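Inside the fold
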Amino acid sequence: MEKASVYKYGMSSLAILLAGFLSASESWTMENPYAFAREKEAVKLLQLSDGAIELRHAGGADWAVNGFPRIAVKHGDTFEVTCGTAALADVPDSCPVGLGAVLRDENGKEVSWSFGTVSVKPGNPIKAAFMVPSGVATIQPRVTGRGVAGVRLRDVFAVRTGNILQKDSPMSSCLFTNAFLRGSVTGAGFEVEDIRTGRKWKPAESLKLAGDVISCCQDNDGDIIRVDIVIPTSMKRWYAEYNILKDSPEVVVTVGGGGEMSTSLDYPTAFASQKGDRLIVPMNEGICYPADESDEIPGRLIAYGGHGICMAFFGVQDDATGAGWMAIIETPDDASMIARRDAETKLWALGPSWDDQKKRFGYVRRVRYIFFDKGGYVAMCKRYRAYVKDIGKLKTFSEKAKERPLVDRLLGAPNIWTWEKDKLAVVSNLVSAGIDRFLWSGGGSPEEVVAMAAMPNVLVGRYDIYQDVYHPDQLQKLGRKSGPNTEAWPKDIVWNSADSNDWRHAWGVQAKDGTWTYCAMMCDSAAPAYERCNVAKELKTKPYNARFIDTTVASPWQTCWNPAHPMTRSDSRHWKMELLRILGDEFKLVVGSETGHDASVPYCDYFEGMLSLGPYRVPDSGRNMIQVWTNVPERVEKYQVGEKYRLPLWELVYHDCVCAHWYWGDYNNKLPDIWWKRDLFNVLYGTMGMYLFNNRIWADNKERFVRSYRMTSPVARATGYSEMVDHRILSANRTVQQSSFANGTVVTVNFGDAPFELSDGTLLPARAYHVVPLSAASSSGVVENSVKQLEVLMLGNSFSICNLSQMPKVAAGMGKKAVMDALDGE
């Protein structure tokens, strides 16, 4: 590196005095300080009479203060480097100051220019602690920064504090084996060979955690392995314990540590993928990516909110065999799934990542790995369903309907959103068109709500929210007298820190002058009290039987530093679930929330947005809801309605527990050119559509709305109480797919542009679906009301065969071929 603008000064008397108290062989200071700057004329370094060093830098590039000798080191040596700083009064916007070290190998080549660097604002002391990693021969501490700076440095010292590694080299790995797996545990994670298939899963080389093993040991049976690890850059120590289950192909990994946590911990390292592998990601309804996907994919998906992974697992399968692995995050409140492209193979890899609990490591984290020799994503979903059943998170519609019979009205009911003033006129139009079962989400006057609530197959609900708090300054800027939840300001809002002025922003609203103003965020612990009061008061005049709570499970679990109601993410989850529980348990309402997350399955009945993959909605879909798109963006076409990528992961786990809807800015009729495709996904998944319209849109598309309803409602009604037991890809190009339900209903859909011959000889036309009823009724006995007659509907280029009303006649004593003949005969 070139040296520029160098000013050298001798060691101060104070520094010499302080150094005298330290061991000459184990401590060092800046003997001959000099400055480097990328912009040569931008830096000045002055020695003050009290021994301090004053640095000024006027440029925007990087700079450094050097002067330490090159210190010879060994692997495992530990160092503390300290420095006092003060801001110069005439440089008010000084950049942060960092303290770390340059590492070099035995040939003098730089291994790292800023190892272990800790940065602070001038005016704060700096202390950097690190361990020397392997392959390093010398270190050279230095002070660094980037940008305009004005800082005074004093007493810059480096001290060797010891060597963390044992004198006898510790075991770097431990081996394990059971009837299904064999492998080894190392500092980076673990590698596994599935004995049944011979497939080896190894940590991706370029993604390996930069950690050193302090010790590695296992119990006498070899079933439990513990590895103690240190992160050299920060000296953070933690451990991982691997429990290899004897009678199943599973490994449970627990990770523990103490102290502060400034960055996430990606551990165990993600397994490397191979070409032909497919990543299984439960983002919203579900998506999969080929391991060699050329486009960028979401790199970090939190497990603690709807805009992440909505179920706490992910995995990889071999497309050819269905063999693979999944990871169930058993402590998801402060965890994420990461997707990284391996620098060596250029293939995507998935792994867990542990986030801080209010800036500390906190509790022990746990992830369970399950390895499969077949079954792929369906096997993963069924294993996850068994897991959530064991922990009490699986609550089916059959159970919910016993407690709240009105839940039955939800099954087969499209979600209707409109802001027309005359609500009953819109309802009359729906009913006269044959759409007599629906979820009305648009609220209404007391008279309108009373009238709709009296209809036998209708749920009438309204929008509500307990996150956004409109505050006085905001209302004044917007020219409003009131807004949602104003009474929560300021006592019940979320703080980002101990500073009461550092409150968390929520929804942004644009003022008439074009500037933006932001709501404050209500603390989740305060929300239930406001909700209980508001709902009880409103139900006295408006007998709603449903309610939609916006953002509750879409927004991440929050942390709060307000001393009146401090909150971890786990606390936040508890209070969010309490907000939803109150509506169902205390008010007996049918409950909906935004996007969806499986923490709320016991409390929620429908999710607006679960079907809509968050990253692939049209731009600004949460604001311009009524806008109809006449062009289909590429990412919407490829991913949002892309049968090559979408998977019904949510339905395979929770179809008989919660209804998945599209988002209110990404509904069936939002993009007319792909309306047919959304309808086919609804039929395939046994889910209902969402329609958002005004009077003009209804008048222009009335017949299309009716056809969409007649296409989707019968299957959703017939399968609502039934688990989705299987989903299959029938064609090599993934355009023909089939879903099977516990009551025997089998739905086959052809998204392609050419006919497809099924295994029994049935020719399924392009853009068509085929429903085969194989059992007499669903578990709840509601199938007989689903369809009154056989319907053959020509939907543009779509064709459907649906004969649910004849289930008893067709299914009794008939094989599959006879069933198809009977349908063809009709």
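Residues numbered from 1 in each chain as written. Predicted model: local features only at pLDDT ≥ 70, side-chain atom pairs only at ≥ 80, totals over all residues. Heavy atoms only, no water.

We now examine the environment of Phe313. Assignment of secondary structure puts Phe313 in strand β24 (residues 313-318). Judged by relative accessible area, which is 0%, Phe313 ranks as buried. In this structure the C-alpha to C-alpha distance between Phe313 and Met380, which are 67 residues apart in sequence, comes to 8.6 Å. (Helix = DSSP H or I, 4+ residues; strand = E, 2+ residues; numbered from the N terminus. Buried < 20%, exposed > 50% of the residue type's maximum accessible area, 1.4 Å probe, protein only.)

With that out of the way, let us pick up the confidence of the model for the protein. Residues of the protein with pLDDT of at least 70 account for 90%, and the chain-wide mean is 90. The model gives residues 1-24 a pLDDT under 50, and that stretch makes 51 contacts with residues more than four places away or in other chains. Confidence drops under pLDDT 50 across residues 774-826; counting only partners more than four residues distant or on other chains, this segment forms 100 contacts. (pLDDT = per-residue confidence, 0-100. Contact = heavy atoms within 4.5 Å.)

The four strands lie next to each other as β13-β14-β15-β16, forming an open sheet whose pairing is antiparallel. Sheet topology places β13 (174-177) and β16 (200-201) at the edges, where each strand pairs with a single neighbour. Note that β13 and strand β14 (residues 181-186) share four bridges and pair antiparallel. Paired with Cys174 across the strands is Val185, a residue of β14. (Pairing = 2+ DSSP bridges.)

In terms of residue burial, helix α11 (residues 675-685) counts as a mostly covered element, since 11 of its 11 residues are buried. Restricting attention to buried positions, one finds in α11 the residues Trp675, Trp676, Lys677, Arg678, Asp679, Leu680, Phe681, Asn682, Val683, Leu684 and Tyr685. Just downstream of α11, Gly686 is the residue with a positive phi angle, here 70°.

Along the chain, Ser740 turns up in strand β42 (residues 736-741). Given a relative accessible area of 14%, Ser740 falls into the buried group. Distance in space between the C-alpha atoms of Ser740 and Ser722 is 9.6 Å, their sequence separation being 18 residues. Beyond its immediate sequence surroundings of up to four residues, Ser740 is in contact with Glu723, Met724, Val725, Asp726, Thr745 and Val746.

Take the packing of helix α4 (residues 423-432) against helix α5 (residues 446-453) next. Each pair of packed helices can be described by the angle between their axes along with the distance between the axes. At a closest axis distance of 9 Å, the pairing of α4 and α5 adopts a crossing angle of 25°. Looking at the two axes, α4 sits roughly parallel to α5. For the pair α4 and α5, contact is made by Lys423, Leu424 and Val427 and by Glu448, Ala451 and Met452, respectively. Looking at the contact of α4 with α5 residue by residue, the classes come out as four nonpolar, no polar and two charged. (Axes fitted to C-alpha atoms, helices over the stretch in contact; angles between N-to-C directions. Parallel < 35°, antiparallel > 145°, perpendicular 65-115°, else oblique. Nonpolar A, V, L, I, M, F, W, Y, C, P; charged D, E, K, R; others polar.)

This next bit is on the nonpolar core. Counting residues in hydrophobic clusters, the biggest one holds 153 residues, and the most contacted among them are Phe190, Tyr242 and Tyr384. Here this core takes seven residues from helix α2 (residues 376-390), the largest share from any one element. Excluding residues within four positions of it along the chain, Tyr242 makes contact with Val185, Gly189, Phe190, Asp223, Ile224, Ile225, Val227, Val251, Val252, Val253, Tyr267 and Pro268. Core analysis: the second largest hydrophobic core is formed by 34 residues, Cys83, Val97, Val120 and Ala158 among them. (Core = buried A, V, L, I, M, F, W, Y, C linked by side-chain atoms within 4.5 Å.)

Ordered by their spatial adjacency, nine strands build an open sheet running β17-β18-β19-β20-β28-β25-β24-β21-β22, and the pairing between neighbours is antiparallel. Taken across any chain shown, the strands that pair with only one partner, and hence form the sheet edges, are β17 (212-218) and β22 (287-290). On average, each strand axis in the sheet is inclined to that of its neighbour by 15°, with strand direction left out of account. In this structure, strand β21 (residues 277-281) lies alongside β22, joined through four bridges in antiparallel fashion. Bridging across to β22, Leu279 finds its partner in Tyr289. Its contacts with the sheet place α2 against β20 (250-257), β21, β24, β25 (324-329) and β28 (365-372), and it is angled at close to 150° to β24.

Our focus in this paragraph is the packing of aromatic side chains. This structure, assessed with the given rule, holds 35 aromatic pairs. Measuring from ring centre to ring centre gives 4.9 Å for Phe313 and Tyr384, while their planes differ by 40°; the resulting arrangement is tilted. Separated by 71 residues along the polypeptide, Phe313 in strand β24 and Tyr384 in helix α2 bring together distant segments of the chain. With respect to burial, Phe313 and Tyr384 carry one shared label: buried. Taken together, Phe190, Trp201, Tyr242, Phe271, Phe314, Trp325, Tyr369 and Phe371 form an aromatic cluster joined through their ring pairs. (Phe/Tyr/Trp six-rings, centres within 6.5 Å; stacked < 30°, edge-to-face > 60°.)

With five bridges joining them, strand β41 (residues 724-729) and β42 adopt antiparallel strand pairing. Bridging from a neighbouring strand, His727 pairs with Ser739 of β42. Remark: six residues form the turn of the hairpin made by β41 and β42, two consecutive strands paired antiparallel; Arg734 in that turn has positive phi of roughly 70°.

A word on the packing of α11 against helix α12 (residues 695-719). Taken N-terminus to C-terminus, the directions of α11 and α12 make an angle of 20°; their axes are 8 Å apart at the nearest point. It follows that α11 is roughly parallel to α12 by the angle criterion. Once α11 is placed against α12, the crossing between them reads as right-handed. Across the interface between the two elements, Trp675, Trp676, Asp679, Leu680, Asn682 and Val683 from α11 touch Asn701, Arg704, Phe705, Ser708, Met711, Thr712 and Val715 from α12. (Left-handed = near helix turned anticlockwise from the far one by under 90°.)

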